[in-house]
Amino acid sequence: MNQEIIRIGTRDSQLALWQAHQVEQALKALGHAVELVLIKSEGDLDLTTPLYEMGVQGIFTKTLDAALLAGRIDVAVHSMKDVPTKLATGLQQAAVLERGNHRDVLITPKGAAFLDDHMGKAVIATSSIRRRAQWLHRYPHHELTNLRGNVNTRMKKVFSEPWDGAIFAAAGLERTGLLPADAVTLDWMLPAPAQGAVVAVCRENDAVTATALAPLNHALTALCAGIERDFLRTLMGGCSTPISAYAQPWEEGIHIQGNICSPDGSDSRFINLTVASMAAAANLGQQAAERLLAEGGNTLMDKIRAHG
Ligand SMILES: NCc1[nH]cc(CCC(=O)O)c1CC(=O)O
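Thresholds applied
Residues numbered from 1 in each chain as written. Predicted model: local features only at pLDDT ≥ 70, side-chain atom pairs only at ≥ 80, totals over all residues. UniProt positions renumbered as here; feature names shortened; annotations may be inferred. Helix = DSSP H or I, 4+ residues; strand = E, 2+ residues; numbered from the N terminus. Rg over C-alpha atoms; globule rule 2.2 N^0.38 Å. Contact = placed C-beta atoms within 7 Å. Pairing = 2+ DSSP bridges. Axes fitted to C-alpha atoms, helices over the stretch in contact; angles between N-to-C directions. Domains from an automatic or database assignment. Near = placed C-beta within 6 Å. Nonpolar A, V, L, I, M, F, W, Y, C, P; charged D, E, K, R; others polar.

In the annotation of an unreviewed UniProt entry, the protein chain is listed under the name Hydroxymethylbilane synthase and assigned to Flavihumibacter petaseus NBRC 106054. The protein chain has a UniProt comment under Pathway (unreviewed entry) that states "Porphyrin-containing compound metabolism; protoporphyrin-IX biosynthesis; coproporphyrinogen-III from 5-aminolevulinate: step 2/4." Listed in UniProt under the heading Subunit (unreviewed entry), the comment for the protein chain reads: "Monomer."

Student: So what's going on with the overall build of the protein chain? Which residues, and what values?
Tutor: The helix and strand tally for the protein chain stands at 9 helices and 13 strands. At 19 Å, the protein chain has a C-alpha radius of gyration in line with the 19 Å of a compact globule built from 308 residues. Overall, the C-alpha framework of the protein chain stretches about 65 × 45 × 35 Å when taken along its three principal axes. Counted over contacts in the protein chain with a minimum sequence separation of 6, partners at least 24 positions apart contribute 73%.

Student: Lay out the sheet that holds strand S3 (residues 75-79) with the relevant residues and their values.
Tutor: Judged by pairing direction, the sheet is mixed, and its 5 strands sit side by side in the order S2-S1-S3-S10-S4 without closing on themselves. The sheet terminates laterally at strand S2 (34-38) and strand S4 (91-96), the two strands that pair on one side only. Averaged over all pairs of adjacent strands, the angle between their axes in this sheet comes to 30°, without regard to strand direction. Of the strand pairs in this sheet, S4 and strand S10 (residues 198-203) are connected by 5 bridges, and their pairing is antiparallel. If you follow glutamine 92 over to S10, its bridge partner there is cysteine 202.

Student: How would you summarise the domain arrangement of the protein chain if you had to cite specific residues and measurements?
Tutor: Assigned domains of the protein chain: these are domain 1 (6-97 + 197-217), domain 2 (104-185) and domain 3 (231-307). Domain 1 and domain 2 are separated by 27 Å when their C-alpha centres are compared.

Student: I'd like a description of the site of the ligand, backed by residues and values.
Tutor: Around the ligand, the neighbouring residues are Ser79, Lys81, Asp82, Val151, Phe168, Ala169, Ala171, Gly172, Gln195 and Gly196. Mapped onto the shell around the ligand, the elements with two or more residues apiece are strand S8 (165-169) and helix H6 (170-175). Split into classes, the residues belonging to the shell around the ligand amount to 4 nonpolar, 4 polar and 2 charged. Summarising the domain contributions, the shell around the ligand has at least three residues from each of domain 1 (6-97 + 197-217) and domain 2 (104-185).

So, in structure tokens, the structure goes:
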């Protein structure tokens, strides 16, 4: 076994720590010596600016990636959906852990009855442009308001503000033990590409760490999350955009659902595509994106680019 201590870098939020602990425990179980190194990121420090106004790719991930490239840590653990589709130069994706809950959920401090009132006003909090766009497409009469901060900060805020609901990733709430029993699963909302998946990244030239991490890779999650990220990359190049995708096993192959939505929710386009075998799945994300563009998604993407 490797005698060098593998240093795992993580942000210090409860969710980030939970994710880093998964990697730590799996490596320890394989006989490796590991330690956690806590690192603050800009995404955690600025609690007011909506994410899509920060204008930086990888706001949550670049501080860890910089520490990795500088040799202060050997592994960076990220929520995969926060990672830009193109990894920083010099880094490699070493393992994708088995995916957790991929859904978004609505937290309703005053109950969910308002969802049945199809005319009534309601205020929904999120700072995700993807969630905002899909929500407005379904509930055009609702008002959206911003909600920033890590999962714990956001959850606290929901119960102190006069809001009707707030949208979270189910995985983040489950992993921090914060998922209320009456949370509403938004089974109609398509998640962010790779939502619910955790990725471990190491330096491209660090074969020792890459070899240590390889057994942690969950091949099906890596395939499906990779397909979703190909979909995103083909459409846009990875900015913070109202682009959603979910890929899952389907008989002997893989099925992808994809969506792009105008930020105001007025225009929403879906694509559904299936390949019959795993062998044919490699290009599924790109194919789905190209088909969506050809079927009229092109004009919508032009609008989205002009907006952002
Ligand atoms: N953008 C922040 C972020 N990054 C990962 C998660 C939760 C875990 C996941 O979605 O994989 C969250 C919180 C949220 O979106 O509510």
